[in-house]
Amino acid sequence: SQTIHQWPATLVQPVGSPLSLECTVEGTSNPNLYWYRQAAGRGLQLLFYSVGIGQISSEVPQNLSASRPQDRQFILSSKKLLLSDSGFYLCAWRAGGTEAFFGQGTRLTVV
Amino acid sequence: GQNIDQPTEMTATEGAIVQINCTYQTSGFNGLFWYQQHAGEAPTFLSYNVLDGLEEKGRFSSFLSRSKGYSYLLLKELQMKDSASYLCAPSWGKLQFGAGTQVVVTP
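Bear in mind that the values here come from a model prediction, so they are computed numbers and not experimental data.

1. Examining the overall build of chain A
Consideration 1: If you tally the helices and strands in chain A, you get 0 helices and 11 strands.
Consideration 2: In sequence order, the secondary structure elements of chain A are arranged as β-β-β-β-β-β-β-β-β-β-β.
Consideration 3: The C-alpha radius of gyration of chain A comes to 13 Å, within 12% of the 13 Å expected for a compact globule of 111 residues.
Consideration 4: In terms of overall dimensions, chain A has C-alpha extents of about 40 × 25 × 20 Å along its principal axes.
Consideration 5: Long-range contacts, defined here as pairs at least 24 residues apart, represent 53% of the contacts in chain A between residues at least 6 apart.
Consideration 6: With the model as given, the accessible surface of chain A reaches about 5,200 Å², and the carbon-plus-sulfur share is 53%.
Consideration 7: In chain A, 8 positive and 6 negative side-chain charges are present, and the distance between their average locations comes to 8 Å.

Structure follows, in structure tokens:
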């Protein structure tokens, strides 16, 4: 069966520090991969999505970047965090047009 | 996003019925998902509509009209555990979500 792993679950980082969040998927090949961010009390904002290795589409210009070095690995990064980067970050995968399955999320607090 | 509109909040009593409406931009559309999200947790899949009509799954049903760019999620026999945010997610290849409708179930 397919599983998705996202870590860490919580993270507190100072302003100006770098960020790396990792997401891996098991049990499927060539998934579509997504990064979303959710501010407190708000909906899911699509940040990046990828249909294959090295193929990244950015939805919102911002302080973040994404990479897909392997088929089932999706990484969200920042060189210098801002206070406004705080939020709940969710990784998700889909196979074609099926439903998306989410990781457990990372709650990031920038202080 | 792609002009996804759904109400911010709805309140209903236990045992009642609630209907959450969602409208979206129809261009390039190829299916619509509904997700449930409890506070502090990841969203979980509820339903998927790709053709017009009603899909029933236990207490939850979802309806789609592609020509009107309209869907609704119907929650019947509400239970306290149904208190959550319900997210409408039209798919245009990539999957985008509405802001969510917070459903509050009261005793």
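2. Some details on the sheet that holds strand S1 (residues 3-7) of chain A
All names here are of chain A.
Consideration 1: Ordered in space as S1-S3-S8-S7, the 4 strands form an open sheet in which the pairing is antiparallel. Taken across any chain shown, the strands that pair with only one partner, and hence form the sheet edges, are S1 and strand S7 (65-70). Geometrically, the sheet is characterised by an average inter-axis angle of 20 degrees between neighbouring strands, direction not taken into account.
Consideration 2: Inspection of the sheet shows S1 paired to strand S3 (residues 19-26) by 5 bridges, in the antiparallel sense. Across the sheet, residue Thr3 finds its bridge partner in S3, namely Glu26.

3. Focus on the pairing of S3 of chain A
Consideration 1: Summarising the sheet, S3 of chain A and strand S8 (residues 73-78) of chain A pair through 6 bridges and their orientation is antiparallel. The residue of S8 of chain A that forms the bridge with Glu22 of chain A is Ile75 of chain A.

4. Some remarks on the sheet that holds strand S5 (residues 53-57) of chain B
Residue and element names in this part refer to chain B.
Consideration 1: Pairing within the open sheet is antiparallel, and its 4 strands lie in the order S2-S7-S6-S5. Two strands bound the open sheet, and with one partner strand each, they are strand S2 (18-23) and S5. Pairwise comparison of adjacent strand axes, ignoring direction, gives a mean angle of 15 degrees for this sheet.

5. Focus on the state of the cysteines
Consideration 1: A complete count under the given rule lists 2 disulfides over all chains for this structure.
Consideration 2: Covalently, Cys23 of chain A is tied to Cys91 of chain A through a disulfide, its sulfur atoms 2.0 Å apart. Looking along the S-S bond of the Cys23 of chain A-Cys91 of chain A disulfide, the torsion reads about -75 degrees, which is the left-handed sense. Of this pair, Cys23 of chain A sits in strand S3 while Cys91 of chain A sits in strand S9 (residues 87-94); the two residues are 68 residues apart in sequence, bridging distant segments of the chain.
Consideration 3: Through a disulfide, Cys22 of chain B is tied to Cys88 of chain B; the S-S separation comes to 1.9 Å. In this structure the cystine formed by Cys22 of chain B and Cys88 of chain B twists about its S-S bond by roughly -70 degrees; its chirality is therefore left-handed. Of this pair, Cys22 of chain B sits in strand S2 while Cys88 of chain B sits in strand S8 (residues 84-92), placing them 66 residues apart in sequence.

6. A short note on the pairing of strand S4 (residues 32-38) of chain A
Regular strands show a simple pattern: their side chains alternate between the two faces of the sheet.
Residue and element names in this part refer to chain A.
Consideration 1: Burial analysis of S4 places 7 of its 7 residues in the buried class, which makes it a mostly covered element.
Consideration 2: Burial of S4 is two-sided: the residues Asn32, Tyr34, Tyr36 and Gln38 facing one way and the residues Leu33, Trp35 and Arg37 facing the other way are all buried.
Consideration 3: Here 7 bridges tie S4 to S9, and the two strands are oriented antiparallel to one another. Across the sheet, residue Gln38 finds its bridge partner in S9, namely Phe88.
Consideration 4: Of the pairings in the sheet, the one linking S4 to strand S5 (residues 44-52) comprises 6 bridges and is antiparallel in character.

About the cut-offs
Residues numbered from 1 in each chain as written. Chains lettered and ligands numbered in written order. Predicted model: local features only at pLDDT ≥ 70, side-chain atom pairs only at ≥ 80, totals over all residues. Heavy atoms only, no water. Helix = DSSP H or I, 4+ residues; strand = E, 2+ residues; numbered from the N terminus. Rg over C-alpha atoms; globule rule 2.2 N^0.38 Å. Contact = heavy atoms within 4.5 Å. Areas by Shrake-Rupley, 256 points an atom, 1.4 Å probe, with all protein chains shown as cover. Lys, Arg positive; Asp, Glu negative; His and termini not counted. Charge placed at Lys NZ, Arg CZ, Asp CG, Glu CD. Pairing = 2+ DSSP bridges. Axes fitted to C-alpha atoms, helices over the stretch in contact; angles between N-to-C directions. Disulfide = S-S within 2.5 Å. Buried < 20%, exposed > 50% of the residue type's maximum accessible area, 1.4 Å probe, protein only.

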